[in-house]
Amino acid sequence: AATPIIADTVTMERELTRVEAVGTARARASALIYPESGGEVVKVHFTAGDFVEQGDVLLELESRQETLDVRLARVQVQDAEQLLARYRRIEDTGAVSDSQIDEAQTALDAARIALEQAEVALSNRTVIAPFPGYLGLSDVDPGARITASTTIAPLDDRRVLFVDFATPEQIFGRIQPGDVVDVMPFSRDGESLQARIAGVDSRIDPTRRTFTVRAAIDNDTDDLRPGMSFRVTFSVPGDPYPVVPEAAIVWG
C-alpha cells in the first residue's frame, strides 16, 4: 500500500539566544548639590522628597557683604558713566585730550566688569536646582555654617531610569539602541516591565569579556528608585537554519 505523505514547505528561521543579566538602575540625571561658596545658611527652601523645577531656589546664604559690594559697584559705574559723558560733551572744545577720554572709557569698562563680578558673587549666595528632579535627605539646617565642599542634598530626575547591565561579548553587535528588553525588579516578584535600549558601550571589558548595555524605563508613576536591581531578559537572533515540523524528523 502507498504511504501517505503530507508535503510541507521548508522555511528558514533564525536561532534565538536567550540572555539573562542583572542590572542596576540610575536616574536619568543625578547630582550632589554643593554651594558655590561657604557661609552661614539663612534659609532652606526644601524638604526631602520635594520635586523641584530647574532654577528653583534650594538654599540661601548670608549675603549682606555681597549686597553692599553690588551697590558700591553700581555707584562706581554711574560715576564712570557721568565722567565719560562730561568729557564727550566738551570733546570738540579741546578742553580734554584724547588720552583722557580713553582713560575715562577704560575706567567705565573696568567699573562694569567689577559690577558683573559683584553680581556673580551675590548670585553664588543662592543655591538653585540645576535640573528638575526629586531632592533627597539633607543635613543642612538654617544657622549652620557650610563650605563649598559641604553636600546640601542629592538631586535625581527619576522620571526615567537607566538600567545598566553587562552582556557577554559573543552577542556584541546583535543588540542595538531601540530594541526592547524585559526587566523585572527584584523587589517585586513576578512584575515584568519593558525597557528600550538607550545605548551600547563602545568597549569590551578585557577581564570579564563583557560589554555594558543601557536600557531606559519610564517611571511616570514614581514607583521605582535609583539603585534598584533588576533581572534583565531578552533574546537575540542568531544564524538562520532550515525549519521543518518535528514529526517529519526520524531519529536513528
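Residues numbered from 1 in each chain as written. Predicted model: local features only at pLDDT ≥ 70, side-chain atom pairs only at ≥ 80, totals over all residues. Heavy atoms only, no water.

(A) Broad picture of the sheet that holds strand β7 (residues 145-146). Strand order in the open sheet formed by 4 strands is β5-β4-β2-β7, and the pairing between neighbours is antiparallel. Strand pairing shows two members of the sheet lacking a second neighbour, β5 (126-128) and β7, which therefore form its edges. For strand β4 (residues 57-61) and β5, the ladder comprises 3 bridges, and the chain directions are antiparallel. By the bridge assignment for β5, Val57 is matched with Ile128. (Pairing = 2+ DSSP bridges. Helix = DSSP H or I, 4+ residues; strand = E, 2+ residues; numbered from the N terminus.)

(B) Spatial organisation of helix α2 (residues 98-123). In a regular helix each residue adds 1.5 Å, so 26 residues correspond to 38 Å; α2 covers 38 Å between its end C-alpha atoms and thus fits that length. Its buried side turned inward, α2 meets α1 (64-89). (Expected span 1.5 Å × (residues − 1). Contact = heavy atoms within 4.5 Å.)

(C) Representation of the nonpolar core in the model. Counting 21 residues, the largest nonpolar core has Phe165, Val181 and Phe234 as its most contacted members. Secondary-structure elements contributing two or more residues to this core are β1 (11-33), β8 (153-168), β9 (180-185), β10 (193-200), β11 (210-218) and β12 (229-243). With near-sequence residues (within four places) excluded, Phe165 lies in contact with Ala21, Val22, Gly23, Ile197, Phe211, Thr212, Val213, Ala215, Val232 and Phe234. (Core = buried A, V, L, I, M, F, W, Y, C linked by side-chain atoms within 4.5 Å. Buried < 20%, exposed > 50% of the residue type's maximum accessible area, 1.4 Å probe, protein only.)

(D) Structural context of α1. Between the first and last C-alpha of α1 there are 38 Å, a value that for 26 residues agrees with the 38 Å anticipated at 1.5 Å per step. Glu66, Val70, Ala73, Val77, Ala80, Leu84 and Tyr87 are the residues of α1 that are buried.

(E) View of a nonpolar patch on the surface. On the surface, a nonpolar cluster with roughly 450 Å² of combined accessible area is contributed by Val10, Val244, Ile249 and Trp251. Mapped onto the elements, Val244 comes out in the segment after β12. Residue Val244 is classed as partly exposed on the basis of its relative accessible area of 37%. (Patch = residues over 30% accessible without salt bridge, like charges linked within 9 Å, V, L, I, M, F, W, Y side chains within 5 Å. Areas by Shrake-Rupley, 256 points an atom, 1.4 Å probe, with all protein chains shown as cover. Salt bridge = Lys/Arg side-chain N within 4 Å of Asp/Glu carboxyl O.)

(F) Molecular detail of the packing of aromatic side chains. A complete count under the given rule lists 3 aromatic pairs for this structure. Taken together, a centroid distance of 5.0 Å and an interplanar angle of 65° make the contact between Phe51 and Tyr134 edge-to-face. Highlighted residues: Phe51 in strand β3 (residues 51-52) and Tyr134 in strand β6 (residues 133-135), separated in sequence by 83 residues. Phe51 sits in the partly exposed class, given a relative accessible area of 33%. Between Phe165 and Phe234, the aromatic rings sit 6.0 Å apart at their centres with planes inclined by 55°, giving tilted as the arrangement. (Phe/Tyr/Trp six-rings, centres within 6.5 Å; stacked < 30°, edge-to-face > 60°.)

(G) Representation of the side chain of Asp157 within the structure. Note on placement: Asp157 falls in strand β8. In this structure the side chain of Asp157 is engaged in a polar contact, spanning 2.9 Å, whose partner is the side chain of Arg159. Sequence-distant contacts of Asp157, that is, excluding residues within four places in its chain, are made with Ala27, Arg28, Ala29, Phe131, Pro132 and Gly133. (Polar contact = N/O pair within 3.5 Å; in protein donor to acceptor, adjacent residues only side chain to side chain.)

(H) Seen up close, the packing of α1 against α2. Orientation of α1 relative to α2, taken along the N-to-C sense of each, is 160°, at an axis distance of 8 Å. Here α1 is positioned roughly antiparallel relative to α2, judged by the angle of their axes. Read as a crossing pair, α1 and α2 show a hand that is left-handed. Here the residues of the contact of α1 with α2 are counted per class, giving 17 nonpolar, 4 polar and 7 charged. (Axes fitted to C-alpha atoms, helices over the stretch in contact; angles between N-to-C directions. Parallel < 35°, antiparallel > 145°, perpendicular 65-115°, else oblique. Left-handed = near helix turned anticlockwise from the far one by under 90°. Nonpolar A, V, L, I, M, F, W, Y, C, P; charged D, E, K, R; others polar.)

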